[in-house]
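# Remarks on the overall topology
Below, each chain spelled out in residue letters.
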Amino acid sequence: GPHQLALKPSALSLQELAQLCLDHLVQNPDQLAEFMVQTGLSPDNFRRLVGTDGFAHGLVDYIVTSEPLLLAVAAGARIRPESITQTWARLHRHEA
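From a predicted model like this one, the values you see are computed outputs, not experimental measurements.

## Quick look at the environment of L49
For L49, the position within the fold is in helix α3 (residues 43–49). Among all residues touching L49, those that are not within four sequence positions of it are L41 and F55.

This is the structure:
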């Protein structure tokens, strides 16, 4: 289940990763606004979708495609950017 311990501390779950991304955006309202413009989300939709896997996926995809955002999220979470990109790659490998 979701409470299993990760073997490697660098392995983040989708929801953990999305939370880090969301924390960063919430602290940077201009970037949050840009995310909502790019994704076409209204504030109501945004609030309703937060916490869902679909939203988490879209959010992480968005962060990973922008290197400045990726680096900022990683710095804010005190993790290596590779931790984020590896988690993202792992999530996408499952779907392929």
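## Some words on the pattern of salt bridges
Taken as a whole and assessed by the stated rule, the structure comprises two salt bridges. Of the charged contacts in the structure, one is a salt bridge between R80 and E82, with a shortest N-O distance of 2.9 Å. For R80, a relative accessible area of 45% corresponds to the partly exposed category.

## Remarks on the environment of Y62
Within the secondary structure layout, Y62 lies in helix α4 (residues 53–64). Distance from Y62 to C21, taken between C-alpha atoms, is 9.4 Å for residues 41 residues apart in sequence. Setting aside chain neighbours within four positions, we find Y62 in contact with Q31, E34, F35, Q38 and L69.

## Regarding the packing of helix α1 (residues 14–27) against helix α2 (residues 29–39)
Interaxial distance between α1 and α2 falls to 5 Å at its minimum, and their mutual angle equals 115 degrees. When the axes of α1 and α2 are compared, the pair comes out roughly perpendicular. For the pair α1 and α2, contact is made by H24, L25, V26 and Q27 and by P29, Q31, L32 and F35, respectively. Each residue belonging to the contact of α1 with α2 can be placed in one class, and the counts come to five nonpolar, three polar and no charged.

## Quick look at the packing of aromatic side chains
Counting across every chain of the model gives three aromatic pairs. Residues F35 and F55 carry aromatic rings whose centres are separated by 6.1 Å and whose planes lie at 85 degrees to one another, so their mutual orientation is edge-to-face. You can see F35 sitting in helix α2 and its partner F55 sitting in helix α4, a full 20 residues away along the chain. Residue classification places F35 among the buried residues on the basis of a relative accessible area of 1%. Classification of F55 as buried rests on a relative accessible area of 8%. A centroid spacing of 5.5 Å and a plane angle of 80 degrees characterise the contact between F46 and F55, whose relative ring orientation is edge-to-face. In textbook terms, an aromatic cluster arises when at least three aromatic residues are bridged by ring pairs, as seen for F35, F46, F55 and Y62.

## Here we look at α4
Helix length check: α4, at 12 residues, gives a terminal C-alpha distance of 16 Å against a target of 16 Å (1.5 Å per residue), a fit within 8%. Taken as a whole, α4 has its buried residues at F55, A56, H57, L59, V60, Y62, I63 and V64.

The rules behind each value
Residues numbered from 1 in each chain as written. Predicted model: local features only at pLDDT ≥ 70, side-chain atom pairs only at ≥ 80, totals over all residues. Heavy atoms only, no water. Helix = DSSP H or I, 4+ residues; strand = E, 2+ residues; numbered from the N terminus. Contact = heavy atoms within 4.5 Å. Salt bridge = Lys/Arg side-chain N within 4 Å of Asp/Glu carboxyl O. Buried < 20%, exposed > 50% of the residue type's maximum accessible area, 1.4 Å probe, protein only. Axes fitted to C-alpha atoms, helices over the stretch in contact; angles between N-to-C directions. Parallel < 35°, antiparallel > 145°, perpendicular 65-115°, else oblique. Nonpolar A, V, L, I, M, F, W, Y, C, P; charged D, E, K, R; others polar. Phe/Tyr/Trp six-rings, centres within 6.5 Å; stacked < 30°, edge-to-face > 60°. Expected span 1.5 Å × (residues − 1).

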